[in-house]
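These are the residues of each chain, in order.
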Amino acid sequence: MTDKFQAVVIGGGPGGYVCAIRLAQLGLKTACIESRGSLGGTCLNVGCIPSKSLLNLSEEFHNAQSLSNKGIEIGEVKLNLSKMMKNKDKAVTILTKGVEFLLKKNKVTYFKGTGSFKSKNDIVIKDNDNKEKIIQTENTIIATGSVPVSLPGVEIDEKVIVSSTGALKLEQVPKKMVVVGGGYIGLEMGSVWSRLGSEVHVVEFLDHITPGMDKEISSEFMKILKKQGINFHMQHKVEKIKKNNNNAIVSTLNENGTKKDFECDVVLISVGRKPNTEGLNLQKIGVELDEKKRVKTDKNFKTNQNNIYAIGDVISGPMLAHKAEDEGIAVAENIAGQSGHVNYDTIPGVIYTSPEVASIGKTEEQLKELKINYKIGKFSFMANSRAKAIDETEGFVKILADEKTDKVLGAHLIGPHAGELIGEIGIAMEFGASSEDIARTCHAHPTFSEAVKEAALSVDKRAIHS
């Protein structure tokens, strides 16, 4: 007999598994299909979680080397990369098994295999042994995520020419690494290997790093990374990458037409990701894609087929795990007859380097383009007592507020724990708060969060400590 479900989620990443759990909580008989063999998608397996593990451990290694300057003598600090990688893998295993437990707890049927459409109501699941099973569904949610993009003619082998996946599994520290692309992922992984001893060169086509970020933050970020020893080559176009046995040559052309070659042990291709829509048989059932091969959806995440939905990296918007999670909950609630909603103006973005970088809402550049008059409040961590006490004083908090109403329109942070601090501003923005609302909220002393309060005070030129 064919299994029948009220809802089937194809993809068990942050968007997919969260969606499946919420559907089950709302009383729908639900299944989740995942091809990887473990749940959690790119994020838990080869993205957010393992990269944060390595970022943290490499930072600890780097800090331990300078502890003697602060009165802590611990002798020679040695790197055991194999143990570090095992620690990272342990964290991934615990979390992916945890997600499997959550599906079971919420009575979601979990299928290991690749899902595709046979018809609008029939899903084919092909397991690792190529055995096929067909299940029936009233509603399907496509949550198949994204995959790394390479450059034309460049084949990623995950040994010498790597994507972020390969960069998380290197067996030895490269003497020299070239990172192609100055976005979030490239800078995080470049930071890891730089701290572990690699000479890192970032090659970027644009004249600035982190495209789309507030330019002032982006500029400060690059200055700090340069001080940390990362080399930047801006406005360099990669012409070709030639792989030899155990190394590669990256040939570039700069804005003046000058050619420059970079010889290295590892090339990290970090030029973005593309939606993972191949193999779903979307054409067969008439689901429309846009020019970037993303699934076209309406504001309720519905495709042009009224019982098929899509969320996360396969639709438009930032490719972020937390965005996919929010969409997963919203679409589940919509299917159950509730009113799910995602506020795209308050989705934060974080880069987990040291210091961290975080952003929410509009940038200055966007406000100028929209012709919205705004006020700026800024506060440096150099003047924050907690940051001073632990010697983490790089960076600042910047708040943008409407000139007339004082409503917070955006915030951009670079500094210690920026990824945590941005949450406060997210809540403020969700409730339509003014900068004065933040400024008049008592913040504990001494904390990093006082820098947020001071930046809010600074909007009206009344910061106390600067």
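Overview of the structure. Just so it is clear, the model here is predicted, and its values are computed rather than measured. (Residues numbered from 1 in each chain as written. Predicted model: local features only at pLDDT ≥ 70, side-chain atom pairs only at ≥ 80, totals over all residues. Heavy atoms only, no water.)

### Thoughts on the sheet that holds strand S9 (residues 176-180)
Right, on to step 1. Strand order in this open sheet of five strands is S8-S15-S9-S10-S11, and the pairing throughout is parallel. Every interior strand has two partners, whereas the edge strands, strand S8 (161-162) and strand S11 (231-234), have only one.
Right, on to step 2. One ladder, built from five bridges, connects S9 with strand S10 (residues 199-204); its direction is parallel. Residue Val-179 lies in a different strand from S10, and its bridge partner there is Val-202.
Right, on to step 3. The strands touched by helix H6 (residues 184-195) are S9, S10, S11 and strand S15 (266-269); relative to S10, the strand with the most contacts, the crossing angle is about 165 degrees. (Pairing = 2+ DSSP bridges. Helix = DSSP H or I, 4+ residues; strand = E, 2+ residues; numbered from the N terminus. Contact = heavy atoms within 4.5 Å. Axes fitted to C-alpha atoms, helices over the stretch in contact; angles between N-to-C directions.)

### Examining H6
Right, on to step 1. For H6, which comprises twelve residues, the first-to-last C-alpha distance of 17 Å matches the rise-based estimate of 16 Å (1.5 Å per residue) to within 8%.
Right, on to step 2. By the criterion of burial, H6 is predominantly enclosed, with ten of the twelve residues buried.
Right, on to step 3. Two residues or fewer past H6, Gly-197 is found with a positive phi of approximately 120 degrees. (Expected span 1.5 Å × (residues − 1). Buried < 20%, exposed > 50% of the residue type's maximum accessible area, 1.4 Å probe, protein only.)

### Digging into the sheet that holds strand S12 (residues 236-243)
Right, on to step 1. Spatial strand order, S12-S13-S14: three strands in an open sheet with antiparallel pairing. Two strands in the sheet have a free side with no partner beyond their single neighbour: S12 and strand S14 (259-264). For this sheet, the mean inter-axis angle between neighbouring strands, taken without regard to orientation, is 20 degrees.
Right, on to step 2. As paired strands, S12 and strand S13 (residues 248-254) are joined by seven bridges and run antiparallel to one another. Across the sheet, the residue bridging to His-236 is Asn-254, located in S13.

### Some points on the packing of aromatic side chains
Right, on to step 1. Under the criterion given, the structure shown has one aromatic pair.
Right, on to step 2. Ring geometry for Phe-5 against Phe-111: centres 6.0 Å apart, planes inclined by 90 degrees, an arrangement best described as edge-to-face. Here Phe-5 is found in strand S1 (residues 3-10), whereas its partner Phe-111 is found in strand S3 (residues 109-112), with 106 residues between them in sequence. In this structure, Phe-5 and Phe-111 share a single accessibility class: buried.
Right, on to step 3. When the ring centre of Phe-5 is taken as origin, the NZ or CZ atom of Lys-29, which lies over that ring, is 5.1 Å away.
Right, on to step 4. Just above the ring of Phe-396 sits the side chain of Lys-378; from NZ or CZ to the centre is 5.5 Å. (Phe/Tyr/Trp six-rings, centres within 6.5 Å; stacked < 30°, edge-to-face > 60°. Lys NZ or Arg CZ within 6 Å of the ring centre and 35° of its normal.)

### Quick notes on unusual backbone geometry
Right, on to step 1. Of the consecutive residues Ser-354 and Pro-355, the connecting peptide bond is found in the cis state with omega at 0 degrees.
Right, on to step 2. Note that Pro-355 resides in the loop between strand S18 (349-351) and strand S19 (356-361).
Right, on to step 3. A positive phi angle, near 60 degrees, is found at Glu-158, a position not held by glycine.
Right, on to step 4. Within the secondary structure, Glu-158 sits in the loop between strand S7 (146-148) and S8.
Right, on to step 5. Of note, the phi angle at Lys-371 is positive, near 60 degrees, even though the residue is not glycine.
Right, on to step 6. On the secondary structure map, Lys-371 appears in the loop between helix H10 (364-369) and strand S20 (374-380).

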